Amino acid sequence: MTEHYLLSWLIPLLWLLILSYAVFTFILTFFWNRIKPSGVFKFDKRIFITVIVPVRNEAENIGFLLNDLDKQHFPHEQFEVLIMDDGSVDRTAAIVRAFAANSQVNLQLIALPDTVTTSPKKWAIETAIARAKGNLIVTTDGDCRVESGWLQAIAACYAATNAKLISAPVTFSEEKSVTDHLQTVEFASLIGSGASAIAAGYPSLCNGANLAYEKNAFLEVGGFDGVRHIASGDDEFLMHKIAAKYPEGVHFLKDPRAIVTTKAHNNWQAFFCQRKRWASKWKHYQSKTPLFLALYVFACNFSLIISALLYSFGLVDGYFFLSLLSAKCLPEWLFLGSVLSFLKKPKSILYIPVTQIIYPFYVCFFGLAAQKPAYEWKGRKLV
């Protein structure tokens, strides 16, 4: 009797969650397809860009990024690069100095003072902005690669939209293994859903590895005031603050020239620490929209796990489980396929079904793991 009563309300609830998720995914696809490229950049001397790159022990990667910045099609006299060195103990500083001596770019290495902080990256960005000459701030990471038209695409979007903040695409490079492809698919879901939410007028997700915003907008919202104590979130918390002050001022840059790439994680510990750091931001959101979406996605993925358990114990038939699985996975395939095609990752599309099997467990695991706040980043334990 108890079992029958439980199923009488649980099964309709599972259907409701999964079908609403399917509709939600179709809505994401609709808004993703509505985003249009910004067009060709028109020379405008009023746009001066400061590229800020916080680094710590990036000797293995920083040279590639510096070469990419040196090859930008954007006029070199209209941008500067500030490399913010946060106590590197490898050859990062030496590589930057050697490159700066022979570069056409206005490139500066700034050693951050040895300050105790719970958020080193926010501290690096705030210090850089205080010195920045640019009216447009662009941030990326020391382990990233950028296209030669990167700054040109950002400037074109800024000129066309008068955006206060521009979120731009990030993906992984050189997938060599199954796990690399799975990370690419998972990351594409974040980039695509963040872009669609921006297009719908509800900014929720962005990535500091490819972000641009007006210096004045940063100062007007108080920068990282109120969130400085939170280790992560130099990107999303700032976007939420700017979106609250300028509801029409946040845009997503859907332009192949603007795609930033970075390496996928090749070990579990690094992957775990990064995803836990991301997940730990949810409970600190001031806006209810991102928090609601995080909880909603968690509930929908958890419902699929519940339905699989019901099927394994013989409480529901295979038709019920496969129907729920199809209702969730087919719209996802359509959405993720479109995003991956834009990101120039056609091979990763083949790995979508594998990701869909793992993802419900992944979301639930990190949603729970994030409740324990401590994690390690760049050799530091942060809270």
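Counting starts from 1 at the beginning of each chain's written sequence and moves along it residue by residue. Totals for whole chains, interfaces and linings use all residues, but because this is a predicted model, local features are given only for residues with pLDDT of at least 70 and pairs of side-chain atoms are given and counted only at 80 or more. In computing side-chain values, all of the structure's heavy atoms are included and hydrogens and water are not.

UniProt positions are given in the numbering used here, feature names are shortened, and annotations may be inferred rather than shown by experiment. In its Sequence similarities (unreviewed entry) section, the UniProt record describing the protein chain reads: "Belongs to the glycosyltransferase 2 family."

The next point concerns the pairing of strand β10 (residues 260–263). When DSSP locates at least two bridges between a pair of strands, those strands are taken to pair. A helix here means a DSSP run of H or I that spans at least four residues, while a strand means a run of E at least two residues long, and both kinds are numbered starting from the N terminus. Of the pairings in the sheet, the one linking strand β5 (residues 144–146) to β10 comprises 3 bridges and is antiparallel in character. Of the residues in β10, the one forming a bridge with cysteine 144 is threonine 262.

Between Lys or Arg on one side and Asp or Glu on the other, a salt bridge is scored when a side-chain nitrogen of the former is within 4 Å of a carboxyl oxygen of the latter. Scanning the entire structure with this criterion turns up 10 salt bridges. A salt bridge links lysine 121 to aspartate 141; the nearest nitrogen and oxygen atoms lie 2.9 Å apart. With lysine 121 in helix α4 (residues 120–131) and aspartate 141 in the loop between β4 (136–139) and β5, this residue pair connects regions lying 20 residues apart in the sequence. A 1.4 Å probe rolled over the protein chains alone gives each residue an accessible area, and that area as a share of the maximum for its type sets the label: buried under 20%, exposed over 50%, partly exposed in between. Using a relative accessible area of 19% as the deciding quantity, one classes aspartate 141 as buried. Three or more residues are tied together by salt bridges with common partners; here these are Lys121, Asp141 and Asp234.

The subject of this paragraph is unusual backbone geometry. The phi angle at asparagine 57 is positive, at roughly 55 degrees, despite the residue not being glycine. By secondary structure assignment, the location of asparagine 57 is in the loop between β1 (49–55) and α2 (62–70). With a phi close to 65 degrees, lysine 344 is a non-glycine residue in the positive phi region. Tracing the sequence through the fold places lysine 344 in the loop between α11 (318–342) and α12 (352–369).

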